[in-house]
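Chain by chain, the residues run as shown.
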Amino acid sequence: MDNKQQLKRQVKKHLPKDWLCELRIGYRIFMEAVNDIKRTGIVNLVIITTMAAILTIFGVLFRFTLSLSTFASELGNVLEISVYLKQNAEPNVVKNRIQEIKHVKSVRLIPKEESWQSMKTELGLQDIANPLPNTLRVRIDKPESITDVFNQIKPVNGVEDISYAKELAKKIQLLTHVVNTTMILVIIISAALTITIINNTIQLVIQARKEEIEIMRLMGVSNWYIKTPLIMQGAFYGFVSSIIAVLPLNGVQGLLANAHKFFLIPVPIYAQNIVITSLLLIGTAFGAIGSFLSIKKHLQV
């Protein structure tokens, strides 16, 4: 059997390609997919409406997730590690050493004179000896790295004490974890529901065309010629459902833009475009995958 297939491939390689014939075959496959959609009738509306509802939920949650990630990132940016230096330590030397640590975004030196002057002004203190140390304000690139950076700064020469808002850091990390986990679950659930709907639909189409497909097989029609229209039908359902699911996103975008404006946090760049592109790609892909799985399960070609 393997030798026969290899021989067919070798013969096919040496055959001249007739592009007009290829186009005709492509056109016939496309028209076969269109006819399959027409045969499905009013069921098309039910399928597309159901898939559109699922993808709308996915799109809205995805858009909310992008905004929540931005909020978490902005909160993380205000997290600082306060590093208090020893009296005999050289501030710039310690600062340069800390800047070399991985995940450190910036290091700002606050001289003890500046801190003391500010404290005297706020509390109305008399002129007494300055008890404050030189301080370094260390910012990191992402909240989840703060503990690791904290542990690396502690043993640095010249560091007397170190502190940061542990509770705030934990809450930011928890928020990030919840956002990422929720998004993964939504994708999995959306994929499962979409593929199940498409699977059942293509199964009905296969059953309706069972005799026709059997005749095509007996005539020697290639498997891909039988499979492709069904996969295109599933992709069509996913694509149209995605376009419908995009429509409610404009209202969601407006609400989130107002929320960002209220909290003075910038709207994530290209968030809307990312969601729309993801919806179109995921909807079409899930539709095609659902068809492919149904063909594999119910059609022995």
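All figures in this text were calculated on a predicted structure; none of them were measured in a lab. (Residues numbered from 1 in each chain as written. Predicted model: local features only at pLDDT ≥ 70, side-chain atom pairs only at ≥ 80, totals over all residues. Heavy atoms only, no water.)

Visitor: Quick rundown of the overall build of the chain? Include the residues and the values.
Guide: From N to C terminus, the chain includes 11 helices and 4 strands. Taking the intrachain contacts of the chain between residues at least 6 apart in sequence as the baseline, contacts between residues at least 24 apart amount to 84%. Working note: accessible area of the chain is about 18500 Å², and carbon and sulfur atoms make up 62% of it. (Helix = DSSP H or I, 4+ residues; strand = E, 2+ residues; numbered from the N terminus. Contact = heavy atoms within 4.5 Å. Areas by Shrake-Rupley, 256 points an atom, 1.4 Å probe, with all protein chains shown as cover.)

Visitor: Give me the packing of aromatic side chains: which residues, what numbers.
Guide: Per the counting criterion, the structure on display carries 2 aromatic pairs. Between F58 and F62, the ring centres sit 5.8 Å apart and the planes meet at 25 degrees, which makes this aromatic pair stacked. With F58 and F62 both in helix α3 (residues 43-77), this residue pair falls 4 residues apart, about one helical turn. Their ring planes at 55 degrees and their centres at 6.0 Å tell us that F236 and Y237 sit as a pair that is tilted. The class for F236 is partly exposed, based on a relative accessible area of 33%. (Phe/Tyr/Trp six-rings, centres within 6.5 Å; stacked < 30°, edge-to-face > 60°. Buried < 20%, exposed > 50% of the residue type's maximum accessible area, 1.4 Å probe, protein only.)

Visitor: Tell me about the pairing of strand β1 (residues 80-85), and please be specific about residues and values.
Guide: When β1 meets strand β3 (residues 135-140), the two strands line up antiparallel, connected through 5 bridges. Across the sheet, the residue bridging to E80 is R139, located in β3. Across 4 bridges, β1 lies against strand β4 (residues 159-163) in antiparallel orientation. Its bridge partner lying in β4, Y84 is registered against D161. (Pairing = 2+ DSSP bridges.)

Visitor: Describe the confidence of the model for the chain, listing the residues and the values that go with them.
Guide: On average, residues of the chain score 78 in pLDDT, and 85% of them are at 70 or above. The least confident element of the chain is helix α1 (residues 2-14), whose mean pLDDT is 54; the most confident is helix α4 (residues 91-99), at 86. (pLDDT = per-residue confidence, 0-100.)

Visitor: Give me the lowdown on the nonpolar core, citing residues and values where you can.
Guide: Core analysis: the biggest nonpolar cluster contains 23 residues, and I81, V83, V94, I98, V138 and I153 have the highest contact counts within it. Every element with two or more residues in this core is listed here: β1, α4, β2 (104-110), β3, α6 (146-153), β4 and α7 (166-208). The biggest single contributor to this core is α6, with 4 residues. Once residues lying within four places of it in the same chain are set aside, the contact partners of I81 are L136, R137, V138, I146, V149, F150, I153, I162, S163 and Y164. (Core = buried A, V, L, I, M, F, W, Y, C linked by side-chain atoms within 4.5 Å.)

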